[in-house]
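Summary of the model geometry
Here's the letter readout for the chains.
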Amino acid sequence: MPLPAPVSPRKPMHNRSIQVHSFEREDGLWDIEAELIDSKAYAYTKRSGLVQAAGQPFHHMHLRITIDTNFEIKEALALYDASPFGESCTAISSAYQDLVGMNLLKSFRQQVKDRFSRTAGCTHMTELAAVLPTAAVQSMSGQKRAEAESAGRKPFQLGGCYAWRPDGEVTKEHYPQWYVDSNATPPVPGT
């Protein structure tokens, strides 16, 4: 459903695009590639005197991680196609190799914040890293669901969001054996 029309006329200002793509590799690992592009909807003159054209990216960065099926990062690569301050921005890219060893499902966003906050990282690259956990989970959802079902374990997504809450209609429909009726009277111990 699209957003409702605004109540007053608006002037376009800033555009941000974030895309994430995932790939299952032949060696059993997964690549997750994230891209961030920022541009302005208007032309402006930079301090150097050069004109930044409307729609021309001033931030264009890529972050690729390679993970195993336990969501542990095995490789990380950060690259820039465009940055507002050239090497003053891009010099930090090698620091993002410190993502290696982190697990996307174990306090990942907090670890990224602790490691790359303020001057220890690039604000936009760090922001881009924040989308990696959910993208990775979506990438492996079919595989993880099949593993849980064959082992008789509770599906990984249950309890992960509002729709998948234990007492929700989605859980009741798709996984009735894991559904918890919140209106049921709990059993009395010893009876």
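The coordinates are above.
Residues numbered from 1 in each chain as written. Predicted model: local features only at pLDDT ≥ 70, side-chain atom pairs only at ≥ 80, totals over all residues. Heavy atoms only, no water.

1. A short note on helix 2 (residues 108–116)
Because an α-helix completes one turn every 3.6 residues, residues spaced three or four positions apart along the sequence face the same direction. Worth spelling out the cut-off: Only protein chains enter the calculation, and the probe is 1.4 Å; a residue is then buried if its accessible area is under 20% of its type maximum, exposed if over 50%, and partly exposed in between. Put simply, DSSP H or I for four residues or longer makes a helix, DSSP E for two residues or longer makes a strand, and each gets a number counted from the N terminus. Arc definition: it is the arc formed by the directions from the helix axis to the C-beta atoms.
Listed in full, the buried residues belonging to helix 2 are Phe-108, Val-112 and Phe-116. Down the axis of helix 2, the smallest arc covering the buried residues is 40°, so these residues share one side. Turned more than 90 degrees from where helix 2 packs its buried face, Lys-113 and Asp-114 sit exposed. Of the residues one or two after helix 2, Arg-118 is the one with positive phi, at around 50°.

2. As for the layout of surface pockets
Rules: Cavities and pockets were defined on a 1 Å grid built over protein atoms only: a cavity is a set of grid points that admits a 1.4 Å probe from which the probe cannot escape, a pocket is an open set flanked by protein on both sides within 12 Å along at least five of seven lines, and lining residues are those with an atom within 4 Å of any such point. Grid points are joined across faces, edges and corners, and a volume is the space filled by probe spheres set on the points.
Taken as a whole, the largest pocket spans an internal volume of roughly 440 Å³. If you list the elements that add at least two residues to the lining of the largest pocket, you get helix 2 and helix 4 (132–151). A total of nine residues in the lining of the largest pocket trace back to one element, the largest contributor, which is helix 4.

3. What about helix 4?
The criterion, for reference: Multiplying 1.5 Å by the residue count of a helix minus one yields the expected span of that helix. Contact definition: two residues touch when any of their heavy atoms are within 4.5 Å.
Here helix 4 is 20 residues long and its end C-alpha atoms lie 27 Å apart, about the 28 Å a rise of 1.5 Å per residue gives. Residues of helix 4 that are buried: Leu-132, Pro-133, Ala-135, Ala-136, Val-137, Met-140, Ser-141, Lys-144 and Ala-148. Looking at the buried side of helix 4, the elements it contacts are strand 1 (14–24), strand 2 (30–40), strand 5 (59–67), helix 2 and helix 3 (123–129).

4. Some details on the nonpolar core
Condition: What is meant by a nonpolar core is a set of buried Ala, Val, Leu, Ile, Met, Phe, Trp, Tyr and Cys residues, joined one to another through side-chain atoms within 4.5 Å.
In this structure, Ile-65, Ile-67, Ile-73, Leu-99, Leu-104, Met-125 and Leu-132 are the most contacted members of the largest nonpolar core, which totals 30 residues. Every element with two or more residues in this core is listed here: strand 2, strand 5, strand 6 (73–82), helix 2, helix 3 and helix 4. Here Met-125 is in contact with Met-61, His-62, Leu-63, Ala-78, Leu-79, Tyr-80 and Tyr-96, once residues within four sequence places are set aside.

5. With respect to the pairing of strand 5
In plain terms, the rule: By the convention used here, strands pair only if DSSP detects at least 2 bridges between them.
Extensive coverage of strand 5 is indicated by the burial of seven of its nine residues. As paired strands, strand 2 and strand 5 are joined by nine bridges and run antiparallel to one another. Looking across to strand 5, one finds that Ile-32 is bridged to Ile-65. Here strand 5 folds back onto strand 6 in antiparallel fashion, the turn holding five residues, of which Phe-71 has a positive phi close to 70°.

6. So, the pattern of salt bridges
Opposite charge on two side chains allows them to pair when their charged atoms are near. Keep this limit in mind: Each salt bridge in this description consists of a side-chain nitrogen of Lys or Arg and a carboxyl oxygen of Asp or Glu lying within 4 Å of one another.
The final tally for this structure, using the stated rule, is nine salt bridges. Across the pair Glu-127 and Arg-16 runs a salt bridge whose closest N-O atoms are separated by 2.5 Å. Of this pair, Glu-127 sits in helix 3 while Arg-16 is found in strand 1, placing the two residues 111 residues apart along the sequence. Here Asp-27 ties to Arg-25 by a salt bridge, and the two come within 2.6 Å at their closest N and O atoms. Look at Arg-25 and you get partly exposed, because its relative accessible area is 23%. Three or more residues joined by partner-sharing salt bridges are found here, namely Arg-16, Asp-38 and Glu-127.

Scope: geometric values only; no functional claims are made or implied.
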